[in-house]
Amino acid sequence: MSVHYTLNLRVFWPLVTGLCTALVCLYHVLRGSGGARAEPPDGADGGFPLLKVAVLLLLGYILLRCRHAVRQRFLPGSPRLGSHPTFSPRHFREPSLGILLESYYEHEVRLSPHVLGHSKAHVSRIVGELVRAGRARGSPGPIPGGALALAFRGDFIQVGSAYEQHKIRRPDGFDVLVPLRLPPLVALEPRSLGAEPALAPAFRGCFVCALKAPPGASGSHWLRDCKPFADGFCVDVLGRRHLSAALVLRWFQAHLQRSLATVRYSLEGRCRVSLTPGGLEQAPTLHILPCRTDYGCCRLSMAVRLIPAVHLGDGVFLVAPPPSPSPVGPLSELPGGLRTDALWGVNTARQEQKLLSWLQERAPPGACYLKCLQLLKALRDLGARGLDPTAATQWGRILSSYMLKTVLLAVLLREGSPASGWDEAHLGERLEELVQFLRDCLLRRHTLFHCVLGPGGAAAEVGPLPKVLREAAPVDLLAAFDRHARELAAARLLSTWRRLPQLLRGYGGPRYLARCPPPRSQRTQGFPEDQP
């Protein structure tokens, strides 16, 4: 895919004018410092006046801007306007929703592949050095080294929208799984909590991991040998020792701090890095800031969430802490001795990436379902405008990026053939279909299940899954939110969709549409007539 870049004259010519003015000022300052040594004769011009230079530059800038405006107004065959064969003033006065969406997508939503590629490569280099340093240091926690030490496995896994090609606006946030290596004497017995009838809905997507002896180990000797590990990283749940997500997360953050101190000096020439611990409720965040001496073309400040993960097999990981779509309830909501510090979340990003790739292989060239997902995220951001902080936080939790991606996957899998009707000519219709399906899910007309967990998941399309995931109960992603919150979200979503042409009206002028390529299906037949 070729990427075309255009020169932004609004920035270029004022920058040139300012640079030339600065050079002239510097010339006069240097010339004035030598005035005592060589005074010019009376009546002689001591140099080209600064005012004349500034006026000439300003006149040049005005002439170029006027020439550009004349080309935009009177030359419809110019390269920018010529991409629209049936260009007419009517399309600028009354653009259709599809044209507005294309314009808004090009100017506000779409990420530059060049910038995104540079950002991902930069994150990969920094996180790679940090993880390798953490693996080399060993375990500084309650078990300093040895056969029972918890350690980094040595690799990392990049997950999230930036690596699934549907991130929007800026590549400034990334998620990275850091797999942990358990001691050889320790094996896990994971169990899903989805079928617990007395469990609050917010916890039904969680797992617990009991410790068990590996094959061939003696029970009594194993309990004695692994006691140091169990005392350092486990809690008692229902009479058995379970791996604690909270204790593992605490060790993980401390180990990252020590590893960062090891590599900080070697990174000083490329960037500045710092680590913000997340406590027991959030994963730590690695902040990567550009160095002052870094003259790269993509000088962005990035935040990377580093998530400790335990591998279950087939690319499925348990992560700490578990995702919390709604505020975690009190301990009294957990049945029969369960503890919140023993709960783990499950990450099926590998399976979801395979599912998206499988859908992309079946789709024709130019299918717009990823663009629809990006515009659905942008619609969510537009709907958050004007909300107070508490309401905006609740709105973002209900319409999280993972929730919106699951909506897209549910619609594509429900249709059976994702290739039908997903070309760019039907962009507005497909986006409206996603909005209506999401509204129906919020109003409980449909149930939005996890796309991988349970027997009804997409296991057939993404390959093998661990037995514990295949046998898990289906997880309703919206069950954690009360009815009032869901109805408010549905009403605001529908209101935002109805007001979308007004919200995007600013992107329907000639200044934006002239630089916006039409959809693939319209590049040879022109714009369709606007619908009433």
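Figured I'd write up the structure that's included with this text. What you see is a predicted model; the values in this text were computed from it and never measured.

Once that is clear, we can look at the overall build of the protein chain. Across its full length, the protein chain holds 18 helices and twelve strands. Residue burial in the protein chain is summarised as follows: out of 532 residues, 43% are buried. At a minimum sequence separation of 6, the contacts of the protein chain that also span at least 24 residues come to 73%. Summed over all atoms, the accessible surface of the protein chain reaches about 27,000 Å², with 57% contributed by carbon and sulfur.

Moving on, we get to the nonpolar core. Of all hydrophobic cores here, the largest spans 111 residues; its most connected members are Leu243, Leu286 and Leu306. Counting eleven residues, the second largest nonpolar core, distinct from the first, contains Cys206, Val208, Leu338 and Ala342.

This part is about the packing of aromatic side chains. Counting across every chain of the model gives five aromatic pairs. Measuring from centroid to centroid gives 6.0 Å for phenylalanine 152 and tryptophan 251, while their planes differ by 85°, and the two rings are edge-to-face. Placement of the pair is phenylalanine 152 in strand S1 (residues 151–152) and tryptophan 251 in helix H8 (residues 245–267), with a sequence separation of 99 residues. Note on accessibility: phenylalanine 152 and tryptophan 251 belong to one class, buried.

Turning next to the pairing of strand S7 (residues 240–243). Pairing geometry for strand S6 (residues 234–237) and S7, over four bridges, is antiparallel. Residue pairing across strands places valine 237 opposite arginine 240, the latter belonging to S7. Where S6 folds back on S7, the antiparallel hairpin that results is connected by two residues, among which leucine 238 adopts a positive phi of roughly 55°.

Conventions adopted
Numbering of residues starts from 1 in each chain and follows the order in which that chain's sequence is written. Under the rules for a predicted model, residues below a pLDDT of 70 receive no local features and side-chain atom pairs below 80 are neither given nor counted, while totals for whole chains, interfaces and linings still include all residues. In computing side-chain values, all of the structure's heavy atoms are included and hydrogens and water are not. Under the DSSP-based scheme used, a helix requires at least four consecutive residues in state H or I and a strand at least two consecutive residues in state E, with every element numbered from the N terminus. Accessible area is worked out with a 1.4 Å probe on protein chains only. A residue is then buried under 20% of its type maximum, exposed over 50%, and partly exposed in between. Only heavy atoms enter the contact rule, under which two residues are in contact if any of them lie within 4.5 Å. Computed with a 1.4 Å probe, the accessible areas rest on the Shrake-Rupley method; for each residue, only the protein chains presented here act as cover. Put simply, a nonpolar core is a bunch of buried Ala, Val, Leu, Ile, Met, Phe, Trp, Tyr and Cys residues held in one set by side-chain atoms that sit within 4.5 Å of each other. Aromatic rings from Phe, Tyr and Trp, with only the six-membered ring used for Trp, were paired whenever their centres fell within 6.5 Å, and each pair was classed as stacked if the ring planes differed by under 30 degrees, edge-to-face if by over 60, and tilted otherwise. Two strands qualify as a pair provided that DSSP identifies no fewer than 2 bridges between them.

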